[in-house]
Amino acid sequence: MVNVLKWLGVLLLGIVLGYVLRDTGLSRVIDERRAEAVGTLASSYIASQTELDDRTDVKTVAGLQHIEVGVDQPAADVFRASGVGNTFLIRTAEGLVLFDTGLATQAAKHKRLLQEAAAGEITHIVLSHSHADHIGGTKFWLAEFPDATVVTHARFHEGQRYLKDLERHFWSRNRLLYTFMPEEPPDSGMNVYGGITPDIEVTEGAVYAFTLGGIRFEAIAAAGAEGDDNLVLWLPEQRLLFSGDFFGPLFPMVPNLFTLRGEKFRDPLAYVRSLDKLIALEPEIVLPSHFDPVSGGERIRQDMRRMRDATQFIHDQTVAGMNRGDSLWQLMRDIQLPPELALSQGHGKVSWNVRSIWEHYSTWFHFESTTELYPLQVRELYPDIAELAGGSQTLAARARQSLEAGEPEAALHWIELGLAGQPDHRELLQARLDALNQLLDRAYEQGSNYSETGWLKSRITATEAALAF
Ligand SMILES: [Zn+2]
């Protein structure tokens, strides 16, 4: 009985304490400190699992995981919390405006550091698009400033809807590319994806303008490289462009018109129109939500033009090839950017854009074979074909020849034929490891595409595990 009373007393104290703390905001602060501690651990684990490969001499997306969380001031009254994604805070005499809120695991620290740098009331939260690395801190900020006006693109809602509906599908694909991710998506607390309701939705082609403390802000809906729900924030008097992921994580780069992890296609011509619109603004400083700000009006203009012209070039070359009757596979091999339009392929890749544009216009039926129309895939016949070809040993020898000729793609076809019937065949597994390593070397030489290297590394790990078994 005494124990029960003691237990009830503790329970009552907890309830009272929770109520009192919630009223004073202390409970929220305790939650934030706890989230910061967990998030800091998660960030250092992820960094330890993301190697900065020394074979590459270009800036790669992998570098994002190694950015220290800190605060700097890239322009007067503009504060940036850095990390995988940046959170920007713009100070005015009448309140503070946030642009993007970073990754959920880094959000509590972003919030603390920014509030230490510039305290005050948040009046607006402008979100560049619905990706988790840009909206992750929104709930933390809204918990303290529930009256802040959340501004998004009108398509943000739909972006958040389908990313949430397909969360498990995309999560499992992401985990293959980025092996540091936990097994399951977070299902409780502030880290859960989604649930953000915009107050202002800006339709494509429109601008939502407001003035705060004498500073004019323009939130411009501009379909971008990371989705058709992209919104940028423009400060015309300061000529500052908060670009979110309008350019993608690397500036300048070949746009990622689709992503290997899966997501909706991004229309290249809508992107060209958006680029034209932003070029006309003549920004002096671009503040992207990944990596560092870029300054210099002329340089920014040149890079934006190159991105626009390269996107148009890839589109037009693909369309011309389709009209000539070239096969998709031929176009993926043939279409290359001319030297004057050369750009990083660290995130988007020309040959994959060609395929995306081709299938965007002409869908998945390539008119190559009747078998394309039906669910039975040639892979299901592989064990029989392998037997007819002379068995796994013969295929392993053939794969080895391809590898020696520097043809790892051909080798992989022979290997997959052989492994379909005999998944443990050691010579074939060893040949697969060698083929994947050849492809990885080539991927590094050709610009270190983050998705490509991520996929190849994950297959290498799986093959090494199968060989060790
Ligand atoms: Zn991003």
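Residues numbered from 1 in each chain as written. Predicted model: local features only at pLDDT ≥ 70, side-chain atom pairs only at ≥ 80, totals over all residues.

(A) Just the overall build of the chain, in detail. Across its full length, the chain carries 16 helices and 13 strands. Its C-alpha radius of gyration of 25 Å places the chain within 12% of the 23 Å reference for a compact globule of 469 residues. For the C-alpha atoms alone, the extent of the chain along its principal axes is close to 75 × 75 × 40 Å. Taking the contacts inside the chain whose residues are at least 6 apart along the sequence as the reference set, 67% of them involve residues at least 24 apart. (Helix = DSSP H or I, 4+ residues; strand = E, 2+ residues; numbered from the N terminus. Rg over C-alpha atoms; globule rule 2.2 N^0.38 Å. Contact = placed C-beta atoms within 7 Å.)

(B) Region of interest: the packing of helix α13 (residues 392-404) against helix α14 (residues 408-421). Contact geometry of α13 with α14 gives a least axis separation of 8 Å together with a crossing angle of 170°. On the basis of their axis angle, the class for α13 and α14 is roughly antiparallel. Taking contact as the criterion, the partners of S392, L395, A396, R398, A399, S402 and L403 in α13 are, on α14, P408, A410, A411, W414, I415, L417 and G418. Of the residues in the contact of α13 with α14, the class split is 10 nonpolar, 3 polar and 1 charged. (Axes fitted to C-alpha atoms, helices over the stretch in contact; angles between N-to-C directions. Parallel < 35°, antiparallel > 145°, perpendicular 65-115°, else oblique. Nonpolar A, V, L, I, M, F, W, Y, C, P; charged D, E, K, R; others polar.)

(C) Layout of the nonpolar core. Ranked by size, the top nonpolar core spans 75 residues in total, and within it L98, V126, A219 and V232 carry the most contacts. Ignoring any residue separated from it by four or fewer positions in sequence, one finds L98 in contact with T87, F88, L89, I122, H124, I125, V126 and W141. With 22 residues, the next largest nonpolar core counts A386, A411, L428 and L436 among its residues. (Core = buried A, V, L, I, M, F, W, Y, C linked by C-beta atoms within 7 Å. Buried ≥ 20, exposed ≤ 12 C-beta atoms within 10 Å, placed from the backbone.)

(D) Layout of the sheet that holds strand β3 (residues 87-92). With mixed pairing, 7 strands are arranged side by side in an open sheet as β1-β2-β3-β4-β5-β6-β7. Two strands lie at the open edges of the sheet, namely β1 (71-75) and β7 (200-202), each paired on one side alone. Averaged over neighbouring strand pairs, the angle between their axes works out to 20° when direction is ignored. Inspection of the sheet shows strand β4 (residues 95-99) paired to strand β5 (residues 122-126) by 4 bridges, in the parallel sense. Within β5, the residue paired with L98 across the bridge is I125. Strands in contact with helix α3 (residues 104-117) are β1, β2 (78-81) and β3; relative to β2, the strand with the most contacts, it is inclined by about 155°. (Pairing = 2+ DSSP bridges.)

(E) Local environment of unusual backbone geometry. Cis geometry is found at the peptide bond from F251 to P252, where omega equals -5°. Of note, P252 is situated in the loop between β11 (240-244) and α8 (268-281). Here R239, not a glycine, exhibits a phi torsion of approximately 55°, which is positive. Turning to its location among the elements, R239 is positioned in the loop between β10 (231-235) and β11. Its 15 C-beta neighbours within 10 Å are what place R239 among the partly exposed residues.

(F) Region of the structure containing the domain arrangement of the chain. The domain boundaries assigned to the chain delineate domain 1 (34-46 + 57-302) and domain 2 (375-468). On a C-alpha basis, the centroid separation for the pair domain 1 and domain 2 is 39 Å. Between domain 1 and domain 2, the contact holds 11 residues from the first and 7 residues from the second. For the side of domain 1 that touches domain 2, the class distribution of residues is 7 nonpolar, 3 polar and 1 charged. (Domains from an automatic or database assignment.)

(G) Local environment of the environment of L127. Within the fold, L127 resides in the loop between β5 and α4 (132-135). Judged by the 27 C-beta atoms lying within 10 Å of it, L127 falls in the buried class.

(H) Up close: the sheet that holds strand β13 (residues 294-295). Sheet architecture is open: 6 strands sit in the order β8-β9-β10-β11-β12-β13, paired in mixed fashion. For this open sheet the edge positions go to β8 (207-212) and β13, each flanked by a neighbour on one side alone. Relative to strand β12 (residues 285-288), β11 runs parallel, the two sharing 4 bridges. Note that in β12 the partner of L241 across the bridge is V286.

(I) Local environment of the packing of helix α15 (residues 426-445) against helix α16 (residues 450-468). Two elements in contact, α15 and α16, have axes separated by 9 Å at closest approach and are oriented at 160°. By the angle between their directions, the pair α15 and α16 is classed as roughly antiparallel. α16 is crossed by α15, and the crossing has left-handed handedness. Along its contact with α15, which presents R426, L429, Q430, R432, L433, L436, N437, L439, L440, A443 and Y444, the element α16 presents E452, T453, L456, K457, R459, I460, T463, E464, A466 and L467. Looking at the contact of α15 with α16 residue by residue, the class counts come to 11 nonpolar, 4 polar and 6 charged. (Left-handed = near helix turned anticlockwise from the far one by under 90°.)

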